[in-house]
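Next come the chains, spelled out residue by residue.
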Amino acid sequence: MDCIFCKIVAGEIPSAKVYEDDTVVAFNDLEPQAPVHVLIIPKQHIASMAEIDERNSAVVAHIFEVAAIIAKEKGLDDGFRVVSNCGESAGQSVKHLHFHLMGGREFGWPAG
Ligand code: DGP
């Protein structure tokens, strides 16, 4: 499968990893939109949030546990944002489920 994030999981493409365990990996985003911008992804290929169901939803819960760990490690005590773009109109460019963990600046709402 020609998936950039599967290649990062496999170590075929280098990344600046900040966390890894049996089911997920987290690494710095190549085009950071905030002082802290980490992508947290499942090692298993899941195309997007639209493919989450009762068989694979445990990994999403785990990703949120990992997000809290990384946010603490990065000192994001004032707050942070976690976003998953799903589908073209939401701006998803990589078709492997990922959550953007961003912090270190003020964020507007609603997101544009
Ligand atoms: P999205 O647009 O929500 O699908 O986010 C995809 C993000 O992935 C985008 O912020 C840039 C990042 N990205 C794309 N290719 C690579 C890569 O090869 N390495 C890293 N670290 N990030 C990447």
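Given the structure is predicted, the values throughout are model-derived calculations rather than measurements.

**Observations regarding the sheet that holds strand β5 (residues 99-103)**
1) Next: With respect to topology, 5 strands assemble into an open sheet ordered β1-β2-β3-β5-β4, the strand pairing being antiparallel. Edge strands, defined here as strands with exactly one partner in the open sheet, are β1 (17-20) and β4 (80-83). For this sheet, the mean angle separating the axes of adjacent strands, direction not counted, is 20 degrees.
2) Next: Sheet analysis places β4 next to β5, joined by 4 bridges and oriented antiparallel. Bridged to R81 within β5 is M102.

**What about the site of the ligand?**
1) Next: In the vicinity of the ligand, 15 residues are found, and the nearest of them are D29, N85, S93, H98 and H100.
2) Next: Within the backbone of S93, one N or O atom sits 2.6 Å away from an oxygen atom of the ligand.
3) Next: At 3.1 Å, a backbone N or O of V94 approaches an oxygen atom of the ligand.
4) Next: Contact with the protein chains removes 86% of the 510 Å² of surface that the ligand exposes when unbound.
5) Next: Within the residue set of the shell around the ligand, elements represented by two or more residues are α1 (4-10) and β2 (24-28).
6) Next: If one sorts the elements of the shell around the ligand by residue count, α1 sits on top with 3 residues.

**Topic: the side chain of S48**
1) Next: With respect to the element layout, S48 can be found in the loop between β3 (36-42) and α2 (57-73).
2) Next: S48 has contacts with C86, Q92 and L97, leaving out every residue within four places of it along the chain.

**A short note on the nonpolar core**
1) Next: Ranked by internal contacts, the top residues of the largest apolar core, which has 18 residues, are Y19, V24, A26, V38, I40, V66 and I70.
2) Next: Mapped onto this core, the elements with two or more residues apiece are β2, β3, α2 and β5.
3) Next: Looking at this core, the element that brings in the most residues is α2, giving 7 residues.
4) Next: Setting aside residues up to four positions removed in sequence, I40 forms contacts with V25, A26, I63, V66, A67, I70, L97, H98, F99 and L101.
5) Next: Core analysis: the second largest hydrophobic core is formed by 8 residues, F5, V25, L39 and I41 among them.

Rules of the game
- Residues numbered from 1 in each chain as written.
- Predicted model: local features only at pLDDT ≥ 70, side-chain atom pairs only at ≥ 80, totals over all residues.
- Heavy atoms only, no water.
- Pairing = 2+ DSSP bridges.
- Helix = DSSP H or I, 4+ residues; strand = E, 2+ residues; numbered from the N terminus.
- Axes fitted to C-alpha atoms, helices over the stretch in contact; angles between N-to-C directions.
- Near = heavy atom within 4 Å.
- Polar contact = N/O pair within 3.5 Å; in protein donor to acceptor, adjacent residues only side chain to side chain.
- Areas by Shrake-Rupley, 256 points an atom, 1.4 Å probe, with all protein chains shown as cover.
- Contact = heavy atoms within 4.5 Å.
- Core = buried A, V, L, I, M, F, W, Y, C linked by side-chain atoms within 4.5 Å.
- Buried < 20%, exposed > 50% of the residue type's maximum accessible area, 1.4 Å probe, protein only.

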